[in-house]
Amino acid sequence: MTERDRYDDSDHGDAARRAERATRWGRRVIGSVTGLLGCALIAAVCFLLAVAFARALAVAGMDQQAGARERPRMRHPGARGPLCGTGSAAKARFILTLII
């Protein structure tokens, strides 16, 4: 073994550079995937809120169309709360005020 072989670190330097390059690439991939999943989660929540809003408006519209044909509802004497004894339009409005 010569003196040059004992202190030759060129292989170690190449391996360290490759490892650092792989680490940077891995962190970039992890960051990109995390960002995409976050965007997908935000889009799903917005979609579900839009569907809930549309369904509440549809229920309110159907209740308004029924109008006078619907017989009045009797409220139970022991019932309490904002949704007891009310029509579906009032329930939809109450739910919309909670969402918004």
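Counting starts from 1 at the beginning of each chain's written sequence and moves along it residue by residue. Local features are withheld for residues below a pLDDT of 70 in this predicted model, meaning they are given only at 70 or higher, and side-chain atom pairs are given and counted only at 80 or more; totals for whole chains, interfaces and linings count all residues. With hydrogens and water stripped out, all remaining heavy atoms of the structure feed into the side-chain values.

Engineer: Can you help me understand the overall build of the chain in this one?
Structural biologist: The helix and strand labels rest on DSSP assignments: H or I over at least four residues marks a helix, E over at least two residues marks a strand, and numbering proceeds from the N terminus. When its secondary structure is counted, the chain shows 3 helices and 0 strands. In the chain, the succession of α and β elements from N to C terminus is α-α-α. Accessible surface area values rest on a Shrake-Rupley calculation with a 1.4 Å probe, where residue burial reflects the displayed protein chains alone. By element, 64% of the accessible surface of the chain is carried by carbon and sulfur atoms, the whole surface being about 8,700 Å².

Engineer: What is the right way to look at the pattern of salt bridges in this model?
Structural biologist: A side chain with one charge may pair with a side chain of the opposite charge, provided their charged atoms come close. Within this document, salt bridges are pairs made up of a side-chain nitrogen of Lys or Arg and a carboxyl oxygen of Asp or Glu, the two lying within 4 Å of each other. The tally for this structure, following the rule as stated, stands at 2 salt bridges. The residue R17 makes a salt bridge to D14 at a minimum N-O spacing of 2.4 Å. Taken together, the residues span about one helical turn, with R17 and D14 both in helix α2 (residues 10–66) at a distance of 3 residues. Notably, a salt bridge pairs E20 with R24, separated by 3.6 Å at the nearest N-O pair. Here E20 pairs with R24, and both are found in helix α2, just 4 residues apart, close to one helical turn.

Engineer: Any chance you could explain the environment of F53 here in plain terms?
Structural biologist: Turning to its location among the elements, F53 is positioned in helix α2. C-alpha separation for the pair F53 and I95, spaced 42 residues apart in sequence, amounts to 9.1 Å.

Engineer: Sorry if this is basic, but what is going on with a nonpolar patch on the surface here?
Structural biologist: Like-charged residues are merged into a patch within 9 Å and nonpolar side chains (Val, Leu, Ile, Met, Phe, Trp, Tyr) within 5 Å, provided each residue has over 30% relative accessible area and no salt bridge. A cluster of nonpolar side chains, W25, V29, V33 and L37, forms an exposed patch at the surface whose accessible area comes to about 410 Å². Following the sequence through the fold, V33 ends up in helix α2.

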